[in-house]
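Coordinate inspection notes
Listed here are the chains, written in short residue letters.
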Amino acid sequence: MNVLWENIVITMLSFGILYWLLHKFAFGKLFAVMEKRRELVQGQLEEARQTREQATAYVEEQKEALKQARQEAFEIIEQSKQSSSKQARDLLEQAKTDAIRLKDEAVRDIESERNKAVDALRGEIGSFSVNIASKLIEREVESSPTDQEKLVNQYLQEVGRKS
């Protein structure tokens, strides 16, 4: 095997020229495109990370807002229960007060009417007694004891019918 040094030198010289030409005209543009692609991928990764962080923060905010809304709803329900219980107690107390007042008024009215009836009855009995006495005196002068007894019974029956 025979090594041709001339071919090695020409190949190396060709390779150097090719490398220099590629470096001058192609590598710069190629590396620039690759660098832009790398920056684009890095930007997209950073944007995805920020979006994920924002989504996580938003989910946490929503969880907190939901928790707070539930707490407020529970408080509103409790206040409504307390308010309705208080209103029910107030209504019952008012009804009891009204019932007692109406009962007291009815008792007073009944007592007043009873007193009026007793007074009226006393007045009638008094006038009947006077009538009976005057009739007895008239009859006593005119009649016998049997007639007087009949007269008294008659007037008592009249009083019984009128009252």
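Residues numbered from 1 in each chain as written. Predicted model: local features only at pLDDT ≥ 70, side-chain atom pairs only at ≥ 80, totals over all residues. Heavy atoms only, no water.

**What to know about the overall build of the chain**
Here is the rule we go by: The way it works is that DSSP assigns letters per residue, a run of H or I at least four long becomes a helix, a run of E at least two long becomes a strand, and they are numbered from the N terminus. C-alpha atoms define the radius of gyration, and 2.2 Å times the number of residues to the power 0.38 defines the globule rule. Between buried and exposed lies partly exposed: a residue is buried under 20% and exposed over 50% of the maximum accessible area for its type, with that area taken using a 1.4 Å probe on protein chains only. Note on areas: Shrake-Rupley, 1.4 Å probe, and residue coverage restricted to the protein chains presented here. We count Lys and Arg on the positive side and Asp and Glu on the negative side, and we leave His and both chain ends out. Taken as the charge centre is NZ of Lys, CZ of Arg, CG of Asp or CD of Glu, depending on the residue.
Broken down by element type, the chain carries 2 helices and 0 strands. The C-alpha atoms of the chain give 62 Å as radius of gyration, which overshoots the globular expectation for 163 residues (15 Å, by more than 25%). Relative to its full complement of 163 residues, the chain shows a buried share of 4%. Within the structure as shown, the chain displays about 14,600 Å² of accessible surface, and the carbon and sulfur contribution to it stands at 60%. Measuring between centres, the 25 positive side-chain charges of the chain sit 7 Å from its 28 negative side-chain charges.

**Observations concerning the packing of aromatic side chains**
Put simply, the rule reads: Any two rings among Phe, Tyr and Trp, with Trp reduced to its six-membered ring, count as a pair given centres within 6.5 Å; such a pair is stacked if its planes are under 30 degrees apart, edge-to-face if over 60, and tilted if neither.
Within this structure, the stated rule accounts for 2 aromatic pairs. Taking the centre distance of 5.7 Å and the plane angle of 25 degrees together, the rings of F27 and F31 count as stacked. Of the two residues, F27 and F31 both sit in helix α1 (residues 5-142), 4 residues apart, roughly one turn of that helix. Taken together through their ring pairs, the aromatic side chains of Y19, F27 and F31 make up a single cluster.

**Some words on the environment of S112**
Assignment of secondary structure puts S112 in helix α1. With 29 residues separating them along the chain, S112 and S83 place their C-alpha atoms 43 Å apart.

**Quick look at a nonpolar patch on the surface**
Our working rule: Patch membership requires more than 30% relative accessible area and the absence of a salt bridge. Residues of like charge join within 9 Å; the nonpolar side chains Val, Leu, Ile, Met, Phe, Trp and Tyr join within 5 Å. Definition used for salt bridges: Asp or Glu carboxyl oxygen within 4 Å of a side-chain nitrogen of Lys or Arg.
A grouping of L13, I17, W20, L21 and F25 is seen on the molecular surface, where their side chains present a nonpolar patch of about 540 Å² in accessible area. The residue W20 is located in helix α1 in this model.

**Digging into the UniProt feature "coiled-coil region" (unreviewed entry) in the chain**
Which entries qualify depends on this criterion: UniProt positions are given in the numbering used here, feature names are shortened, and annotations may be inferred rather than shown by experiment.
In the numbering used here, UniProt assigns the "coiled-coil region" (unreviewed entry) feature to residues 45-105. Helix makes up 100% of residues 45-105 and strand makes up 0%, while its end C-alpha atoms are separated by 88 Å.

**Quick word on the UniProt feature "transmembrane region" (unreviewed entry) in the chain**
Residues given the UniProt feature "transmembrane region" (unreviewed entry) here are residues 12-32. Taken as a whole, residues 12-32 contains 100% helix and 0% strand, while its terminal C-alpha atoms sit 27 Å from one another.

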